[in-house]
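Inside the fold
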Amino acid sequence: MENTTEGEEVEFRKHAKYFIRFLHTLPGRLASHDSTRVTIAFFAVSGLDVLDSLHMLTDTFQQDICNWVYKLQVVPKPGERGYGGIQGSSTFDVVGTPDTCGLQLYRWGHLAITYTGIAVLVALGDDLSRLNRRAIIEGVAAVQRDDGSFSATIEGSEHDMRFVYCAAAICAMLNDWGRVDRKKMADYILKSIRYDYGISQHYEMESHGGTTFCAIAALELSGQLHLLSPGTREKIIRWLVFRQQDGFQGRPNKPVDTCYSFWIAATLKILHAFELTSFKDNRDYVLSTQDATVGGFSKWPQAYTDPFHSYFGLCGLSFLNEPGLQEVMPSLNISMRAYRRLQELQRNWTLLEEGLASGNGEVTVHIEP
């Protein structure tokens, strides 16, 4: 279907200013999210990217954000467990704290934070040269469970479809799967397809739009989408299409919610079936949650806005070809501009590795601005 742009308009500049505020300070109601500040930065930076408004951040400020993400990188010492990755905030980096107090024992990478941290760096045009890619990939492999799923961290964490997706996204972005067992991961995904052909967060749980995205995107990113039989693929598409009321709901008999204009739509985009939905109804709902005064989107009309729903609302509108918004790469959940930059980095890594393998150290790399 063609996009219909009649009716309410997108408040581009107000949304951009909304995201910038979250990069400078967090409201008190988000204090409990201190440990996931990198993810909040991801919504803000990626939101500005989709709005084509990263130029509103000074070069110095963009570099400060990159430096902050790198500061949160955790690299194990030789012989230590594989806990490499990026942590969510500087909570455990208290200046002057001696190692003997035990805080260092809780410094480890977190899969969701590592994924969003890398995505922030890519969106801001960083060359990822300061990432210890080997430590990160070894950290991903270290948290894979015997059933093929992944934990968020090296210990004390849930293991489910959310972190399967984060693991797949990290490996795909760094173009390295290391010791990750992709076949086991795919088996876990296929065993989580429910009787109604939605996909659950873990075995025997309820079908859910968010985790259906995580599963399908992980299969695509790992080159295993073909493991879905044509019949199963068609039934998953049917389950997804039935989630549209005007906007999209995450589960049957639940209210619609702005964020599912990404989760459901992105999954349908991956499966090449998004055209089966009503673009106009989807757009009308997303814009009904827009705060036209100070910017941002909420999950429901008249509810509080937040960076999460604001970013996914814009992604949903981008899928509808909303004029002025950048195209979004569905399975990695970053702009196509960022994705093309990432592809260039990956080509340069391959050239460098091939040059080193051949004994020729003279390798010229080029990064598009």
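Residues numbered from 1 in each chain as written. Predicted model: local features only at pLDDT ≥ 70, side-chain atom pairs only at ≥ 80, totals over all residues. Heavy atoms only, no water.

Filter applied, for reference: UniProt positions are given in the numbering used here, feature names are shortened, and annotations may be inferred rather than shown by experiment.
Taking an unreviewed UniProt entry as the reference, the chain is identified by name as Geranylgeranyl transferase type-1 subunit beta belonging to Anopheles epiroticus. UniProt annotates the chain under Sequence similarities (unreviewed entry) with the comment "Belongs to the protein prenyltransferase subunit beta family." As stated in UniProt under Catalytic activity (unreviewed entry), the record for the chain gives "geranylgeranyl diphosphate + L-cysteinyl-[protein] = S-geranylgeranyl-L-cysteinyl-[protein] + diphosphate".

1. Notes on the overall build of the chain
The cut-off we apply is this: Helix and strand assignments follow DSSP, with helices taken as H or I runs no shorter than four residues and strands as E runs no shorter than two, numbered in order from the N terminus. When we talk radius of gyration, it's over C-alpha atoms, and the globule rule is simply 2.2 Å times the number of residues to the 0.38. Exposure is judged per residue with a 1.4 Å probe applied to protein chains only, and the accessible area is read against the type maximum: over 50% gives exposed, under 20% gives buried, and values in between give partly exposed. When checking whether two residues touch, look at their non-hydrogen atoms; a contact exists if any pair is within 4.5 Å. The method behind every accessible area is Shrake-Rupley, applied with a 1.4 Å probe, and residues are considered shielded solely by the protein chains displayed. Positive charge is attributed to Lys and Arg, negative charge to Asp and Glu, and no charge count is given to His or to the chain ends. Working definition for charges: the position is that of NZ of Lys, CZ of Arg, CG of Asp or CD of Glu.
Within the chain, the regular secondary structure consists of 13 helices and 6 strands. Computed over C-alpha atoms, the radius of gyration of the chain comes to 20 Å, within 12% of the 21 Å expected from 2.2 N^0.38 for 369 residues, which places it in the range of a compact globule. Seen through its principal axes, the chain has C-alpha atoms that stretch 55 × 45 × 45 Å. In the chain, buried positions account for 54% of the 369 residues. Across the chain, every contact between residues at least 6 apart in sequence was considered, and the portion connecting residues at least 24 apart equals 69%. As displayed, the chain has an accessible area near 16,800 Å², and 51% of this comes from carbon and sulfur atoms. A distance of 3 Å separates the average location of the 35 positive side-chain charges in the chain from that of its 43 negative side-chain charges.

2. Side note on the side chain of threonine 211
Following the sequence through the fold, threonine 211 ends up in helix 8 (residues 209-221). When neighbours within four sequence positions are excluded, threonine 211 is seen to be in contact with Met161, Ile199, Ser200 and Gln201.

3. Things to note about empty space enclosed by the protein
A probe matching the size of a water molecule, rolled over the atoms, marks out where space remains unfilled. As a reminder of what qualifies: In this analysis a 1.4 Å probe is tested at points of a 1 Å grid over the protein atoms alone, and where it fits but cannot get out there is a cavity; an open set with protein on both sides within 12 Å along at least five of seven lines is a pocket; lining residues have an atom within 4 Å of a point. Grid points are joined across faces, edges and corners, and a volume is the space filled by probe spheres set on the points. Residue polarity follows a fixed list, in which Ala, Val, Leu, Ile, Met, Phe, Trp, Tyr, Cys and Pro are nonpolar, Asp, Glu, Lys and Arg are charged, and the others, Gly among them, are polar.
Applying the stated criterion across every chain, the model contains 1 cavity of 30 Å³ or more. Computed from the structure, the largest cavity encloses a volume of approximately 50 Å³. Looking at the largest cavity, the residues that line it are Gly82, Tyr83, Gly84, Gly109, His110, Leu111, Thr114, Gly139, Val143, Ala152, Thr153 and Ile154. Here the residues of the lining of the largest cavity sort into 5 nonpolar, 7 polar and no charged.

4. A word on the nonpolar core
Filter applied, for reference: Here, nonpolar core refers to any group of buried Ala, Val, Leu, Ile, Met, Phe, Trp, Tyr and Cys residues whose side-chain atoms link them within 4.5 Å.
One finds Leu128 and Phe150 to be the most contacted residues of the largest nonpolar core, which totals 116 residues. By residue number, the principal contributor to this core is helix 6 (residues 161-174), which donates 13 residues. Beyond its immediate sequence surroundings of up to four residues, phenylalanine 150 is in contact with Leu111, Val140, Val143, Gln144, Glu158, His159, Asp160, Phe163, Val164, Ala167, Val180 and Met185.

5. Topic: unusual backbone geometry
In this structure, glutamate 204 is a non-glycine residue whose phi angle is positive, near 65°. With respect to the element layout, glutamate 204 can be found in the loop between helix 7 (182-191) and helix 8. The phi angle at asparagine 333 is positive, at roughly 60°, despite the residue not being glycine. You can see asparagine 333 is positioned in the loop between strand 5 (328-329) and strand 6 (334-335).

6. Quick word on the packing of helix 6 against helix 13 (residues 336-357)
So the rule is basically this: Angular values range over 0 to 180 degrees, each being the angle between N-to-C directions of two axes fitted as lines to C-alpha atoms, with helices fitted over their stretch in contact. These descriptions rest on fixed angle ranges, namely under 35 degrees for roughly parallel, over 145 for roughly antiparallel, 65 to 115 for roughly perpendicular, and the rest for oblique.
Viewed as axis vectors pointing N to C, helix 6 and helix 13 meet at an angle of 60°, and their least axial separation amounts to 9 Å. It follows from the interaxial angle that helix 6 and helix 13 lie oblique. When helix 6 is examined against helix 13, the residues Ala172, Met173 and Leu174 are found in contact with a partner set consisting of Leu342, Gln346 and Trp349. Here the residues of the contact of helix 6 with helix 13 sort into 5 nonpolar, 1 polar and no charged.

7. A closer look at the state of the cysteines
Basically, it comes down to this: The disulfide criterion is simple: two cysteine sulfur atoms within 2.5 Å.
Throughout the structure, instances matching the rule amount to 0 disulfides. Cysteine 166 carries a free sulfur, and the closest cysteine sulfur to it, the one in cysteine 214, is 6.9 Å from it. Just so you know, cysteine 315 is unpaired, no disulfide at all, and the nearest cysteine sulfur is the one on cysteine 259, 11 Å from it. By relative accessible area, cysteine 315 is classed as buried at 0%.

8. Description of helix 3 (residues 59-71)
Heads up, the condition is: Given the number of residues in a helix, its expected span is that number minus one, multiplied by 1.5 Å.
Here helix 3 is 13 residues long and its end C-alpha atoms lie 18 Å apart, about the 18 Å a rise of 1.5 Å per residue gives. Where helix 3 is concerned, the buried positions are Phe61, Gln62, Ile65, Cys66, Val69 and Tyr70.

9. So, the layout of surface pockets
Approximately 1,100 Å³ is the volume attributed to the largest pocket. Residue lining of the largest pocket: 43 residues in total, with Thr36, Thr39, Phe43, Ala112 and Phe308 positioned closest to the centre. Elements with a contribution of two residues or more to the lining of the largest pocket: helix 2 (37-50), helix 4 (111-123), helix 6, helix 8, helix 10 (260-270) and helix 12 (307-319). Classifying every residue of the lining of the largest pocket by side-chain character gives 22 nonpolar, 17 polar and 4 charged.

10. A word on the packing of aromatic side chains
For clarity, the threshold we go by: The pairing test for Phe, Tyr and Trp rings, Trp by its six-membered ring, is centres within 6.5 Å, and the orientation test on the planes gives stacked under 30 degrees, edge-to-face over 60, and tilted for anything in between. Over a ring means this: the NZ of a Lys or the CZ of an Arg is within 6 Å of the ring centre and within 35 degrees of the ring normal.
Going through the model one piece at a time under the given rule, you end up with 22 aromatic pairs. On the basis of an interplanar angle of 50° and a centroid distance of 5.1 Å, the ring pair of tyrosine 188 and tyrosine 203 is categorised as tilted. One end of the pair, tyrosine 188, is in helix 7; the other, tyrosine 203, is in the loop between helix 7 and helix 8, with 15 residues separating them in the sequence. Residue tyrosine 188 is classed as buried on the basis of its relative accessible area of 0%. With a centroid separation of 5.2 Å and an interplanar angle of 55°, the aromatic rings of tyrosine 311 and phenylalanine 312 are classed as tilted. By the burial criterion, tyrosine 311 is buried, and phenylalanine 312 matches it. The side chain of arginine 238 reaches across the aromatic face of phenylalanine 242, ending 4.5 Å from its centre.

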